[in-house]
Structure formats: structure tokens, C-alpha cells
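Structural description and commentary
Here is what each chain is made of, one letter per residue.
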Amino acid sequence: MLLVACGSRSAANENELVVGHLAHLTGADAGPYGLPYRNGLDMGVEAVNASGVLGDVELVVNTKDVGSEVPSAVTQYSQFRNEDISVFVSPSSTPIRMALQPYVESDDVMLFSSTVGSKDAEAVRGVYVLNDGSTPDTNFGMRLGGQQQTNRAVVVTDGDNPAFKSLATSFKTGYEEAGGQIADQVSISASDSDFAPVVTKIRASRPNLVLISSLSETAGNLITQMAQSGGFDDVLFAGVTSWQKQVFQTAGPAATGSEYAVYWAADPEGDFEKSFTAKYGETPNSFAASGYQAAWLIAAAASLATENGDPLDGKTLSEYMPEVAKTDIIAQHGIYPEWQLRENGTASFAGAAVEFASDGTSDVVK
């Protein structure tokens, strides 16, 4: 079995399938998304190689830090292409994925991006978006909109980022469908630090729910200022799937009891969760899980292509992606319940809801 990560067999060891990792190891996306994704991806690659599903061939990750910036991501992508690598993964940042899409399509390669995907998005050849940007947040909205104690909401959105707008829209769809009322909608920016006018505006709407669609640190800062300002004792602070542990790290006790949607919720008894916690000293978040899942998806596509004697470059692996969800490899090793792929290349799954405990851990909401 001979696997390579590109069209030219001379570009890599014939016993290696090389994946270009456009990593977010520094910058705004590193803490909540990039570093957990890298750790999950590394564990996934180790698990794939240990399983023997690719025979004598090993999955190998070549990592380049893009610093959470679009220009750097484009530069690093070009360097990977100069090395004849044609299979890519990227942990986060919708602007980066959108900037890379034209290159991926024209170069006929494959990109797994753990960014926000929608059932209404236009398909882009070779681009697969592994986080469902609609179903988990819509389900979360339906849950809160159907409860009397959380049926009047103010929705706060980072208006500079299209991903946060999309997440908020998905939440509102489910929330209003379940009977919830949107009392007001407020736009903020990730560069904001003084939210006094925003807090005053939110309080005036007398909500029993404040939904914040933003970066985790921004949400934590806003929660802190609302708690300090007062008048929110009976208000639930909530977030969409962009939230991570940094919300609690920023807001501290003020975030206790806050709920948020997640793509994936950790099972304390799961093998992946136990191994991840033992290695890194913390429970994996959904981006760590997405990195782990990505390794197995690549392996499953490679296995299908190999069975048919097809070359294993990015173009060929991409062609097998619609069949991956049905493989035994994903059934046995995939960790996203009900994961499937839509025709437009975006993932679909139910998601879950969690809340911050007093120690900052996130527990599944029963």
C-alpha cells in the first residue's frame, strides 16, 4: 500500500500520508481553539497510526503557525503547496477559511476546517466544514425559548465577524420557534473594553436571558461588567458554540451557572477523554474533539481510496468524503454522535448544552 499526500510520489515518503496543519498556536484564536485542536489532532494521529487501519503507512502532520491571521494563513498555505502537500486541516477562524477557499478549489486539494458551516452555505469543492453552525445553536435556542424563566432575551453579537452573526441567527431561529421573544439585539466589537453603554441598553430591555455571540474573552468581560453594574440577578447569561473555558477564566464566579451550546460534550468515561485528560491535564473541549475527529476522517477517506486502488492525493480523498460517515472506521472511532456530511460539505450533528460549575468546569445540562 503506497500513500502520499500529493500528486507527486517523490514529494513524500511513500509510507507517509502528510497533512498540512495551518495551526493557530499564537494570536486570539490560539487559547480557545488552536491549541486544543492541535492536541486533539496529535492524539488522533497517534490513535490512527496505532490502530493499523492504514497498514504500514503512517499519518504525519506538518504544522505551520498562522498566528490567527489571514495573510499568514495564505502564506503558509502557499509554502505547503510548494512542498506538494494537498491535504490540509485548520482549527478555526471563518475569515481564514473563506480566504483559503478559492485557492483550495483552484488547486484541487482538500481542506478540513473546524469553523462554522451552515446547511444553507454554498458548496466549495475540496472544502469540508466540520462544525455545524446551525443545528447545535438552533437546538439550544429552542431549549431556552421554551422555558418561561428564559423566554425574553437580549442577543449581543460581535458584529465584526460573520461567524458570530451566523451563530446568533441560528440561536434566534430556534428561540423564536419555541416561543421566546427577542427584546433587543445589540452589536459589539471584539476590540471593545468598556461596555457601560451596552450594559445600560441591555438592562433597559428587562430580559431574563442575555445571549452573547462573541469570542470567549469578550463574553467574559461583558458578563463581568454586567455583574458589577447590578440588576441582573435573575438573568441567565448564555452563549453560542463559540464559547470556551476562557469565558469563566475572564469572568470568574460571575459566569457560574451560565449556559452555552457546544458542538460536542465530553463523556468522563470516554477513552478519548480519559487519554486526553491524562496527557494534557484538562478535559478536552469541542475543538480538541474536532481535531481528533479530523484525523479519523482523513484515515477513513484514505482507506476507501486504497480499497479501490486510487491515488491518495487531496483531490482523490475529497471525492471519497461523502462516503466517510458510513464507514466502519468512523462508526468505531468517531466521537461526534450522529455526525454526517451534508451535500454542500458541511457537517451536521445535534450538539449539546453545558453550564459552568463553580470551579469553572463545564457540566452537561440535564
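All of the points below concern the structure found in this document. Bear in mind that the values here come from a model prediction, so they are computed numbers and not experimental data. (Residues numbered from 1 in each chain as written. Predicted model: local features only at pLDDT ≥ 70, side-chain atom pairs only at ≥ 80, totals over all residues. Heavy atoms only, no water.)

A count of helices and strands for the protein gives 12 helices and 14 strands. Scaling as 2.2 N^0.38, a compact globule of 366 residues should have a C-alpha radius of gyration of about 21 Å, and the protein matches this with 21 Å. Seen through its C-alpha atoms, the protein measures out along the principal axes to roughly 65 × 40 × 35 Å. Within the protein, the fraction of its 366 residues that count as buried is 56%. Considering only intrachain contacts with a sequence separation of at least 6, the fraction spanning at least 24 residues in the protein is 68%. Of the roughly 14600 Å² that the protein leaves accessible, carbon and sulfur atoms contribute 45%. Separation of charge centres in the protein, based on 21 positive and 45 negative side chains, amounts to 6 Å. (Helix = DSSP H or I, 4+ residues; strand = E, 2+ residues; numbered from the N terminus. Rg over C-alpha atoms; globule rule 2.2 N^0.38 Å. Buried < 20%, exposed > 50% of the residue type's maximum accessible area, 1.4 Å probe, protein only. Contact = heavy atoms within 4.5 Å. Areas by Shrake-Rupley, 256 points an atom, 1.4 Å probe, with all protein chains shown as cover. Lys, Arg positive; Asp, Glu negative; His and termini not counted. Charge placed at Lys NZ, Arg CZ, Asp CG, Glu CD.)

Let us look at the sheet that holds strand β3 (residues 87-90). In sheet architecture, strand pairing relies on hydrogen bonds along the backbone and comes in two forms, parallel and antiparallel. With respect to topology, 5 strands assemble into an open sheet ordered β2-β1-β3-β4-β5, the strand pairing being parallel. Of all strands in the sheet, those with a lone pairing partner are β2 (58-65) and β5 (127-132), marking the two edges. Along the sheet, successive strands turn relative to each other by an average axial angle of 30°, direction set aside. In the sheet, β3 pairs with strand β4 (residues 110-117) via 4 bridges, with the strands oriented parallel. Bridged to S90 within β4 is S113. The strands touched by helix α1 (residues 30-51) within the sheet are β1 (16-23), β2, β3 and β4, with β2 carrying the most contacts at an inclination of about 165°. (Pairing = 2+ DSSP bridges. Axes fitted to C-alpha atoms, helices over the stretch in contact; angles between N-to-C directions.)

Within this structure, the stated rule accounts for 10 salt bridges. Note that R143 is salt-bridged to E259, the shortest N-O span being 2.6 Å. Residue R143 is found in helix α4 (residues 135-145), and its partner E259 is found in strand β10 (residues 259-262); the two are separated by 116 residues along the sequence. R143 gets classed as partly exposed once you look at its relative accessible area, which sits at 25%. (Salt bridge = Lys/Arg side-chain N within 4 Å of Asp/Glu carboxyl O.)

Across the interface, helix α2 (residues 70-82) lies against helix α3 (residues 94-107) with an axial gap of 9 Å and an inter-helix angle of 25°. As far as their axial angle goes, α3 and α2 are roughly parallel. At the point where α2 passes α3, the crossing takes the right-handed sense. Together, V70, A73, V74, Y77 and R81 of α2 and P95, I96, A99, L100, Y103, V104 and D107 of α3 make up the contact between the two elements. Considered class by class, the residues forming the contact of α2 with α3 number 10 nonpolar, no polar and 2 charged. (Parallel < 35°, antiparallel > 145°, perpendicular 65-115°, else oblique. Left-handed = near helix turned anticlockwise from the far one by under 90°. Nonpolar A, V, L, I, M, F, W, Y, C, P; charged D, E, K, R; others polar.)

One full turn of an α-helix is made of 3.6 residues, so residues set three or four places apart face in the same direction. Restricting attention to buried positions, one finds in helix α9 (residues 271-280) the residues F272, E273 and F276. All buried residues of α9 fall inside an arc of 95° around its axis, so they share one side. Opposite the buried face of α9, by more than 90 degrees, sit the exposed residues D271 and A278. Where α9 is buried, its residues meet α1 and α10 (286-307). (Arc of directions from axis to C-beta.)

With that out of the way, let us pick up the sheet that holds strand β14 (residues 362-364). Judged by pairing direction, the sheet is mixed, and its 7 strands sit side by side in the order β7-β6-β8-β9-β10-β13-β14 without closing on themselves. The open sheet has two free edges, formed respectively by β7 (181-188) and β14, since each of these has just one partner strand. In this sheet, adjacent strand axes meet at a mean angle of 25° when their direction is disregarded. Summarising the sheet, strand β13 (residues 352-356) and β14 pair through 3 bridges and their orientation is antiparallel.

Burial of strand β9 (residues 236-239) is two-sided: the residues L236 and A238 facing one way and the residues F237 and G239 facing the other way are all buried. Read from strand β8 (residues 209-213) through helix α7 (residues 216-229) to β9, the crossover connection turns out right-handed. Alignment of β9 against β10, held across 2 bridges, turns out to be parallel. Along β10, the bridge assignment pairs A238 with E259. (Right-handed = clockwise from strand over helix to strand, strands pointing away.)

Right, let's talk about the nonpolar core for a bit. One finds L59 and F112 to be the most contacted residues of the largest nonpolar core, which totals 70 residues. For L59, the residues in contact, after removing those within four places along its chain, are L17, V19, V45, V48, N49, L54, A295 and I298. F232, F248, A255 and V262 belong to the second-largest nonpolar core, a separate cluster that totals 26 residues. (Core = buried A, V, L, I, M, F, W, Y, C linked by side-chain atoms within 4.5 Å.)

What follows is about unusual backbone geometry. A positive phi angle, near 65°, is found at D84, a position not held by glycine. For D84, the position within the fold is in the loop between α2 and β3.

The next subject is the packing of aromatic side chains. Applying the stated criterion across every chain yields a total of 18 aromatic pairs. Summarising the aromatic geometry, the rings of F112 and Y128 are spaced 6.0 Å apart at their centres and angled 90° between planes, so their arrangement reads as edge-to-face. Highlighted residues: F112 in strand β4 and Y128 in strand β5, separated in sequence by 16 residues. With relative accessibility at 9%, the residue Y128 sits in the buried group. Seen from their ring centres, Y260 and F356 are 5.0 Å apart, and the 35° between their planes marks the pair as tilted. Taken together, the positions of Y260 in strand β10 and F356 in strand β13 put the pair 96 residues apart, joining distant regions of the chain. Taking the relative accessible area as the measure of exposure, Y260 reaches 5% and is therefore buried. Here the guanidinium or amino end of K64 rests over the ring plane of F80, the centre of that ring lying 4.9 Å away. (Phe/Tyr/Trp six-rings, centres within 6.5 Å; stacked < 30°, edge-to-face > 60°. Lys NZ or Arg CZ within 6 Å of the ring centre and 35° of its normal.)

The values reported here are purely geometric and, on their own, carry no functional implication.
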